[in-house]
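# An overview of the molecular structure
These are the residues of each chain, in order.
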Amino acid sequence: MSHTTPMLRACRALRLAGAAVLAATLGACNLFETSVRNPNAITEDALGGAAIAANLTNGLGSSVLRSMAAVLGPNAVVSDELTWIGSREAYRQLDEGQITDPRNEYTNENGYPFTSEARWYADFVTEDRMPALLATVDSVRVRPDAARALLYSAMIHTMIGEMYDDFVLTRLRAIEAPSVGVARFDTMFVIAIDRATRGLQLATTAGNTALRRDLTAIRARARHSRAIKAQLRAARAAAAPGTSAAAPTSPLINDADATADAQAAIALMTPGYRFQFVPQPATLPGINVGFEMNSRLEIRVGGAYINPNASGTQPLPGVAGIRLTDIANPTPTPDAALARVVDECCRSAVDRTMPMTVLSEVDMQLIVAEAALATGNTANFETAINAVRARSSKPAITVAGLPTGVTASDLLVHERRVNLFLQMRRLMDHYRFGIPADRWVTQNIAIRRHCFFPVSFGEKLSNRNAQPQPAEATTAECR
Amino acid sequence: MRLFVRRSTLVGALAALAAIVTPPTSLAAQATGTIEGKVFDATSQKPLAGAQIGLVGAPYGATSNEAGEYRISGVPARQWQMRLRLIGYTPKTVLITVTGGGTLKQDFPLNPSALSLDRVVVTGTGQQVEVKKLGNTVATVKPPEGALVTSISDVLTGREPGVNALTSGGLTGEGARIRIRGNASLSQSNEPIVFLDGVRINSDGGMLVGTGGGGSPSRIDDIDPTSIDRIEVLKGAAAATLYGSEASNGVIQIFTKKGTQGAPRWNFTLQQDAISWGEGQFFPNSGFARTQADADRLATYWGKPGLQPYQVFENDVFANNFRELGRATTAAAQVTGGGGNIQYFGNLRYQAENGPLGGTDLLNGTGLTAAQDRARRIQAGLNVTWIPMTSLRVTARNSFFNVLNTTPENANNIFGINSLAYMARPEQANCNLSSVRTSGDKPRCLGAGNPFGNQAFMTPREALAQTNELQTNRFNGAFDAVWTPNSELTLNGTFGYDITNQLAVGFSPFGYNVDLLTLTDPNGARNSVTGRTRVLTGDLKAAWNRNFTSSISSSFTTGLQVFNTESVINSTVGTNFPGPGIEVVGAAGSNRDLSESRLLQVTGGYYAQEQVGFNDWVFATIGGRYDFSSAFGANAGGIFMPKVSLSIVPSDRRSWRSTTLSTFRVRAAVGEAGRQPGAFDRFTTFSPLVSGLGPGFAPGQLGNQNLRPEISREYEAGFEAGLFNNRAGFDFSWWRRETRDALVAQQFAFSGGFRNQQLANLGQLTAAGVEIGLKGTPIQKPGMELNLFANAAFLTQKVSSLGGVPPIKVGYVRYRGFIKNADPLGSLYTFRTAPACPSGSATNARGNAMTCYNPSGADPQLPINLNGLRNSNGTLVPATRSQMLAFLANPIDLRVGATRAALAPLVADYEGNGTLSEQRVGDIFPDWTGTFGGSLTLGKQWRINTNFEFRQGYLIQNLTDGFRLSFHPSIGSNRAEWSRIESTLLNPASTAEQRLDAALRFVQNHQRLTPYDGYNMMQSGDFARWRELSVTWTAPERIASRLSARSLAVTFAGRNLLLFTRYPGQDPEINAVGRGAVANPTQLSSPAAAIDQNFLDSIDAFGLPVARRFAITVNWGL
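Residues numbered from 1 in each chain as written. Chains lettered and ligands numbered in written order. Predicted model: local features only at pLDDT ≥ 70, side-chain atom pairs only at ≥ 80, totals over all residues. Heavy atoms only, no water.

### Observations regarding the overall build of chain B
Convention followed: Under the scheme used here, helices are H or I runs from DSSP no shorter than 4 residues and strands are E runs no shorter than 2 residues, and both carry numbers assigned from the N terminus. What the globule rule says is 2.2 Å times the number of residues to the power 0.38, and the radius of gyration is computed from C-alpha atoms. Using a 1.4 Å probe on the protein chains alone, a residue whose accessible area is under 20% of its type maximum counts as buried, one over 50% counts as exposed, and one in between counts as partly exposed. Note on contacts: a residue pair is in contact if any heavy atoms of the two residues lie within 4.5 Å. Note that accessible areas follow from Shrake-Rupley with a 1.4 Å probe, and for residues the cover is restricted to the protein chains shown.
The helix and strand tally for chain B stands at 15 helices and 58 strands. At 32 Å, chain B has a C-alpha radius of gyration in line with the 32 Å of a compact globule built from 1118 residues. Dimensions of chain B along its principal axes, counting C-alpha atoms only, are 105 × 70 × 70 Å. Buried positions account for 61% of the 1118 residues belonging to chain B. Of all intrachain contacts in chain B linking residues separated by at least 6 positions in sequence, the fraction that spans at least 24 positions is 71%. Here chain B has roughly 39,100 Å² of accessible surface; of this, 57% comes from carbon and sulfur atoms.

Here it is as structure tokens:
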């Protein structure tokens, strides 16, 4: 140290300073690095490999769930299941039976976009990604996920078939594809049945009984609803434009394939089985049926079903809140099946994470019961309908023993009403059994033309091939 | 040995520190002297603070303090050219000689100048440049003397033509949205980018938790307004080219005060404000009884004896229950001083404000805390300038801001205090769940109840128990070194950081449903959000200035700039607490959710500019910038933006003699700047989506690898004229902007799977405007000086092309804005009433016949389409008077849907576009904006300042009255005008004629929401507001010195004193959106959110009016 000259010290200091400047400069280079990653979402090029198959399918299921949460509320408000009590007139429109306004904010801004997303995504998963994965060495591992994806695909196509009059089908992005058209709308059920059938093949190969059960059940539902929609469409087309469409003269469905599927599904189900979608808070958009009903208080269960509290916002606690009685019971008794589902769906404690039932054993029994009734097979009807009643501990009935004025058909409609509550079936029953909802206004389209949801204003604004145009126009059949 | 090394390291460090604070030997050895003096107004003798005094060609300088004094020491002994500049005064240059060890006295008496072409700016120029050399405008805003400004937002409000600071309502802590020359972008933020002392800063807004829109702070307001020296504003692309691909909406650069030489000088400020909503700023709630029993009950409840059925009565629920006198206290201290090598400026300010929202007594006895509108800011900063050698100046600034904002739920929000108060129907009020404690104007229930008559959602008292709080801790600093190796070359490096740490909490406590009405999380809910934003700036530049001949000068600058921005936001949510007292999400029993989002964006650019001067009166500039960014698509590459400008100052020619036209300049500029897409807009993504099924993902964003910045080219031309030795000045600018490759947020068909809008460079926007400024000093004599000013800006904007994309809807269904091809930006569309057609049929814009009604004859037609009747060709049929009288022979009830449907307005297709609901009625952006006012100085002691701000030529969507003055079963329908219509139609005692009059008023003025019409909801917002008034008394020196003060001044000031408007709603400055969080690049945001920020303007939707403010301020200098 003592031999160090001032010049040498200066040189060392300069070297040190130079190194510091270099280090600082290199460090600063990171400031200029423009290849940044996006850690918030998955980029499309990362969607490969069998490892992602399960999550691809989960996402599809959640997307289907989300679309149901967005559509269920508007659907149930059109029917007598839910009624409007809040601030947004879009619900008033629906409550009074104005179902076909493409601008309605619930159907336009929520229902249609989320449903479109789920439908497109179903095609993306089952027709694009899964076939590629099934063609790889990982096919055994992927098979259950592929079958499950086909189940969700069948579900979304069935729901669209049930709830819409027209829709746009495309597997492409960013194009303006034509809408299917009212006349060809049966396509939705055809696709749903096809997806379920393909799913069943995969589930069978994979030896997955649970998936076989659910795929069989969704195919039964799709076939049953297809027959209902065909009836309604025929009645509507038969009525001249501007006149009122009549309810079908023989509304009971006896579709052999649907019944066979329902019976096959029942055989695979435990009594009372239900397939439910259970959302998490992050699953749902800001507006969904659970939040709207149990938190925001825009809507509540309809007056025919419940006795509301003093402020009119919710059912009274417990059985006191159930108004609708079991029509098969000579003593007016709040219907136990309804009491159970209202507890599950429609109290503030349930809030936004309301579970949604898509498939159930009672649904299958009701399909079997309806077919039996349609063919006059009272014994089979009684067996099936009593199986339904047993699930909510209601006493068994015989058709002959029904209270005066109550027919077997009335009982079927009633059991469908309470057991399929908030499962998007009531509106079709309103139409086919000629039972208008309590809040419908005579001049409105629900009463006059038995219409369903239209292609939305937003879709038609961005897709000039979606008909009818301009975007605010409604189809000729529904004016 | 280790100990020795440590000690030697310590000694070395101390030596280095000593070297820093001790002047270098070479400087110390040189003979130096000192210059000091005073700067004052030549007429009034009033001392002038903030004057910049410098020696030409050397880093020696000072700024005059509050007493007008300055001091520069350590100046090498020789002859110097000394230059003084102060905005608003004529600059001065003197030749001085400094002697070794001597002190030179040099005072500067200044005369006001209405034009300041010699003022120096640095923003957008690469180096210090006199304004006269620039072909584009650069505005300089000084914090207004005496005016009642509490934030930077206030400093920017109404100062410069074309620069608008838009408040959104009257909640304390509300930050302004800033728009310069309108909107250069459709889908990206239209906020200017903001710099503080050369360093890019976070200029976001928002509370991080949802509150409804109002009371949302701007991060610009973190900065202490008393610490700033000036703000430079570049208004558009012609001026902002050197800032590149984020600058098309202009640049705001804030400069803080720097230290001045001398002994420490302290300045203390104490201020007390009173804030209030005046009488008549709210509209009372109305109702009427339908039966005698109801009337008797309401007469008792509201203390209105003798109330009869159908008699309309009123109670102002908000004003009577939720209004209080707001208060604010400010204490600030500043110190400046230093020697020849080191100067410092330090500031510390504390400001606490509790706004005019009251009603806390409603929660007395519940154990719950009431939401309040509060803001508290603690701001500290230290600026140190170090001049280690003649050629080097190093500046370091560090600031710390601690800010707390609290705000209630508010605005267009069914859980807002004010919205629920506005929705209340006094006829429905009751305390049925307990009993009435008091009655009359301020009813209270003993326990649970519905004291004001709310029909849905929750009671205002329950809303009051929901709180929102945002805590911000922010560290901001700049390190700047300027090296001038010789008289021609200057090298400058700047490094800066801005780190914002935030914690936001939205909280509803357990059991806040005290009135048992709300079912929204009655067991409580909490949303806790933490956010961290870090912005780093690196900026290197070189300037080379040379006079090539005696008549040709050259200034060349080149540089490299990079901004590196990182943002992380974590959010947790939970509801259903097990019991009271819990204030953590972790205790929540259900609906637990968490999210995290991260963003990193890097943008850099190179720039160069050459400016050539001829004989010091003609200046031409050419330059450009090349940008690269992580946000550009993979196929987009970089982007180049050029600029060119010309400035000619004939009055600087030696031959110019006129004192009438004492200054004259013409200028022209054209330049480009950009606005780049968001950090991740280019990627095709699938977003995480979970449910009970497990982890998953769903379509997120369509993606576009061709994305590049949209480019705005701006042309600007204008002139300045100084008259009568610059006692009057006139400034005129015309500009035109063309935005090409405009980023259009295209909504692709939902059938393609992707719901979110996707950006594409498809559109083209055009805008043009005129800016006019007039200043003058009509009276200038000993003891009195009067200065007046007026400025105005005209703006027109149009969507030249949407690139074939269908119209884009703005906001939710009730808002009536669309972005449509070839229409003005911000256009509103709704139904229009059919015209009268007394002499034949009316025709539309395409020359075709359209629906009309004939109001003449024995049985005149009315603009009513009774029962929706159409004739055989489908056109609407007007009802006749006799038909209407027959329809109204008996009472009708507007609560019945069929009745309302029967009374449809007769509407017409004026445009011939076939869509009755989309007739363009105007737009939301004012044609003209401006300010006028003046100042009066009386003697040395008194000074009065005032100004008025106005906006003209725009429409407001009055959604508040859309609800309150039309039918709605659960909210609204509660202003007297509406109640009278409803009661007249329902009252059996009314005649058919009276009902017809009411029905006409209903159809023509109050059919608004059915279902999304917006019919009659668009109203002119034209207004003028008396914005500021201040009266300052400066104590004579003898009084100040008696109080041991160097200076003493007392100011009385007011803000938002009076409003002049024909707008029938609450306040034309209300806006539903507030200062949102969309400001690139520091937060993730969707194009849809940006479109809402840009075009959901002028919406009166349950907001709170702008409050008045009065203050007394004492300034005390030591």
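### Focus on the packing of helix α4 (residues 105-134) of chain A against helix α5 (residues 139-163) of chain A
Residue and element names in this part refer to chain A. Put simply, the rule is: To get an axis, a line is fitted to the C-alpha atoms, and for a helix only the part in contact is used. The angle between two axes follows their N-to-C directions and goes from 0 to 180 degrees. In what follows, roughly perpendicular refers to angles from 65 to 115 degrees, roughly parallel to angles under 35, roughly antiparallel to angles over 145, and oblique to any angle outside these ranges. Crossings are assigned a handedness: left-handed for a near helix turned anticlockwise from the far helix by less than a right angle, right-handed for a clockwise turn. Ten residue types, Ala, Val, Leu, Ile, Met, Phe, Trp, Tyr, Cys and Pro, are classed as nonpolar, four, Asp, Glu, Lys and Arg, as charged, and the remainder, Gly among them, as polar.
At their nearest, the axes of α4 and α5 sit 9 Å apart, and the two run at 155° to each other. In terms of axis orientation, α4 runs roughly antiparallel to α5. Where α4 crosses over α5, the handedness of that crossing is left-handed. Along its contact with α4, which presents Thr115, Ala118, Arg119, Ala122, Asp123, Val125, Thr126, Glu127, Met130, Leu133 and Leu134, the element α5 presents Ser139, Val142, Arg143, Asp145, Ala146, Ala149, Leu150, Ser153, Ile156, His157, Met159 and Ile160. Partitioned by chemical class, the residues of the contact of α4 with α5 number 13 nonpolar, five polar and five charged.

### A word on the interface of chain A and chain B
As a reminder of what qualifies: By buried area we mean the combined loss of accessible area, with a 1.4 Å probe, across both parts when two parts are placed together. A carboxyl oxygen of Asp or Glu within 4 Å of a side-chain nitrogen of Lys or Arg is what we treat as a salt bridge. By the criterion applied in these results, polar contacts are pairs of N or O atoms within 3.5 Å in which, for protein atoms, one can donate a hydrogen and the other can accept it, and in which residues neighboring in sequence qualify only through two side-chain atoms.
Between chain A and chain B, the contact holds 83 residues from the first and 75 residues from the second. Approximately 6,600 Å² of surface area, both sides summed, lies buried where chain A meets chain B, with 61% of it carried by carbon and sulfur atoms. Here chain A and chain B share two salt bridges between them. Between arginine 755 of chain B and glutamate 117 of chain A there is a salt bridge whose closest N-O contact spans 2.8 Å. Linking chain A with chain B are 20 residue pairs in polar contact (both at pLDDT 80 or more). Of all the secondary structure elements, the ones that give two or more residues to the side of chain A that touches chain B are β1 (42-43), α2 (53-78), α3 (89-95), α4 and α16 (457-462) of chain A.

### So, a nonpolar patch on the surface
Residue and element names in this part refer to chain B. For clarity, the cut-off: Patches were defined on residues exceeding 30% relative accessible area and lacking a salt bridge, with like-charge contacts within 9 Å and nonpolar side-chain contacts (Val, Leu, Ile, Met, Phe, Trp, Tyr) within 5 Å.
A surface patch of nonpolar side chains, amounting to about 530 Å² of accessible area, comprises Trp266, Leu270, Leu1043, Val1114, Trp1116 and Leu1118. Contributions of two or more residues to the nonpolar patch are made by β18 (262-276) and β58 (1108-1117). Residue position: tryptophan 266 is located in strand β18. Owing to a relative accessible area of 37%, tryptophan 266 belongs among the partly exposed residues under this scheme.

### Looking at the sheet that holds strand β6 (residues 92-97) of chain B
All names here are of chain B. Which entries qualify depends on this criterion: Strand pairing is assigned whenever DSSP detects at least two bridges linking the two strands.
Here we have four strands laid out as an open sheet, ordered β3-β2-β5-β6, and antiparallel in their pairing. Each edge of the sheet is formed by a strand with only one pairing partner; in this case those strands are β3 (61-63) and β6. Strand-to-strand twist of the sheet, defined as the mean angle between neighbouring strand axes without regard to direction, takes the value 20°. Pairing of strand β2 (residues 52-55) with β3, which is carried by three bridges, proceeds in the antiparallel orientation.

### Here we look at the environment of leucine 252 of chain A
Residue and element names in this part refer to chain A. Note on placement: leucine 252 falls in the loop between α7 (209-238) and α8 (256-268). You can call leucine 252 partly exposed: its relative accessible area is 22%. Remark: the alpha-carbon pair of leucine 252 and serine 409, spanning 157 residues in sequence, is separated by 8.5 Å.

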